[in-house]
Amino acid sequence: MKLFAISDLHVGHPENRQAIVDLPPHPDDWLIAAGDLGDSLEQIDDALALLTGRFAQVIWTPGNHDLYTVEDDGPRGVDRYQQLVELCRRRGVLTPEDDYPLWPGDGGPHVIAPTFALYDYSFRPDDVPEGREIAWALESNLFCSDETYLYPDPFANRRAWCAARVELTEARLAEVAWRHPLVLVNHWPLLREHAKLPAVPRFSIWCGTRRTEEWHRRFGAAVVVYGHLHIRRTTLQNDTRFEEVSLGYPRQWRQRRGLQSYLREILPGPSRKSWLPW
């Protein structure tokens, strides 16, 4: 019995959806789906149906694409998130709003904590003033589609929604901290130093919040699972293993290898020789 993780499946791309269809069954294993399953409710439901048919338990946390509202009359912000939570529950998928499960398999026991912390543009250089982040990104011709499709309603802005999510999540993590080792899951990286994208460095402002940078130490995380960057890698920091588990867009992975080779083993865990970009 193993715990695997993957993120950024983006099933709106036919090659990515087919990869899930071709994935062999894992009837005894659990899967963390760490955000960005798709851009629409239909895509996300389709992805969840496929994944729950292959794994004994699926655990989900939202990514920015999951939260998009592309329909003029669709639910926005918190209402969109709640719609996704209810969709997951109908499929038997655990979410950040459910009790954190205790991993009973190999390498356990661990508490698996899916979280939703969003971002607040604070992954910026210290010399970029608050409120100037998007203008700073535009200087490099960067503009994230979140600014068009990811609404913060009923919060005034994403900073406020992020602050509320961080406060709520910290209270929940404090309740379980140190009872068992923690597998901490968030779509966005927890550490600013992990939000380095060589091709588009100023995209970092859409990649997380400095408010989470002590979570792995503060709450006793053995493993942190994240995605969003589409840069797969394993790193060790402060005795915590960090796993970036993105699949990404079709050009960013090799279809001939199949999805199986991109599933990251979280527990009992990969061998040390595989702690390289993969």
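This text goes with the structure placed above it.
My aim in this report is to walk through the structure given alongside it, one point at a time. (Residues numbered from 1 in each chain as written. Predicted model: local features only at pLDDT ≥ 70, side-chain atom pairs only at ≥ 80, totals over all residues. Heavy atoms only, no water.)

**Overview of the packing of aromatic side chains**
Consideration 1: In this structure the tally under the stated criterion is twelve aromatic pairs.
Consideration 2: Each ring, one from Tyr 119 and one from Tyr 121, has its centre 5.5 Å from the other, and the planes form 85°; the classification is edge-to-face.
Consideration 3: Here Tyr 119 falls in the buried class, since its relative accessible area comes to 0%.
Consideration 4: In this structure Tyr 121 comes out as buried when scored by relative accessible area, which is 5%.
Consideration 5: Note on Phe 203 and Trp 206: the rings are 5.4 Å apart at their centroids and 45° apart in plane angle, and the pair reads as tilted. Grouping residues by exposure puts Phe 203 and Trp 206 together as buried.
Consideration 6: Cluster of aromatic residues (ring-pair linked, three or more members): Trp 60, Tyr 81, Phe 116, Tyr 119, Tyr 121, Phe 155, Trp 161 and Trp 188. (Phe/Tyr/Trp six-rings, centres within 6.5 Å; stacked < 30°, edge-to-face > 60°. Buried < 20%, exposed > 50% of the residue type's maximum accessible area, 1.4 Å probe, protein only.)

**Some words on the nonpolar core**
Consideration 1: Ranked by size, the top nonpolar core spans 70 residues in total, and within it Leu 9, Leu 37, Leu 182, Leu 184 and Leu 259 carry the most contacts.
Consideration 2: Beyond its immediate sequence surroundings of up to four residues, Leu 9 is in contact with Asn 16, Ile 20, Gly 35, Asp 36, Leu 37, Leu 51, Leu 247 and Leu 259.
Consideration 3: With 15 residues, the next largest nonpolar core counts Ala 5, Ala 34, Ile 266 and Leu 267 among its residues. (Core = buried A, V, L, I, M, F, W, Y, C linked by side-chain atoms within 4.5 Å. Contact = heavy atoms within 4.5 Å.)

**Topic: the packing of helix α1 (residues 14-21) against helix α2 (residues 41-52)**
Consideration 1: The interhelical angle for the contact between α1 and α2, taken along N-to-C directions, is 25°, at an axis separation of 9 Å. Considered as vectors, α1 and α2 are oriented roughly parallel to each other. Touching Arg 17, Ile 20 and Val 21 of α1 are Asp 46, Leu 50 and Leu 51, all from α2.
Consideration 2: In terms of residue class, the contact of α1 with α2 is built from four nonpolar, no polar and two charged. (Axes fitted to C-alpha atoms, helices over the stretch in contact; angles between N-to-C directions. Helix = DSSP H or I, 4+ residues; strand = E, 2+ residues; numbered from the N terminus. Parallel < 35°, antiparallel > 145°, perpendicular 65-115°, else oblique. Nonpolar A, V, L, I, M, F, W, Y, C, P; charged D, E, K, R; others polar.)

**Quick notes on the pairing of strand β9 (residues 240-244)**
Consideration 1: Of all five residues in β9, five are buried, a share of seventy percent or more.
Consideration 2: Alternating positions in β9 separate into two faces, Thr 240, Phe 242 and Glu 244 on one and Arg 241 and Glu 243 on the other, with burial throughout.
Consideration 3: Direction of pairing for strand β7 (residues 221-226) relative to β9: parallel, over a ladder of four bridges. Within β9, the residue paired with Val 224 across the bridge is Phe 242.
Consideration 4: The pairing of strand β8 (residues 233-237) with β9 spans five bridges and is classified as antiparallel. Among the inter-strand pairings, Leu 236 is bridged to a residue of β9, identified as Arg 241. (Pairing = 2+ DSSP bridges.)

**Focus on the sheet that holds β7**
Consideration 1: Here six strands make up an open sheet; going across it, the order is β4-β5-β6-β7-β9-β8 and the pairing mixed. Looking at strand neighbours, the two that pair on one side only are β4 (102-103) and β8, the edges of this open sheet.
Consideration 2: Pairing between strand β6 (residues 182-185) and β7: four bridges, direction parallel. Pairing of Val 185 across the sheet is with Val 225, part of β7.

**Overview of the pattern of salt bridges**
Opposite charge on two side chains permits them to pair, given that their charged atoms come into close proximity.
Consideration 1: Counted according to the given criterion, the structure contains 20 salt bridges.
Consideration 2: The salt bridge partner of Asp 46 is Arg 17, with a shortest N-O separation of 2.5 Å. On the criterion of sequence distance, the pair formed by Asp 46 in helix α2 and Arg 17 in helix α1 is long-range, its members being 29 residues apart.
Consideration 3: A salt bridge links Glu 170 to Arg 218, with the nearest nitrogen and oxygen atoms 3.1 Å apart. (Salt bridge = Lys/Arg side-chain N within 4 Å of Asp/Glu carboxyl O.)

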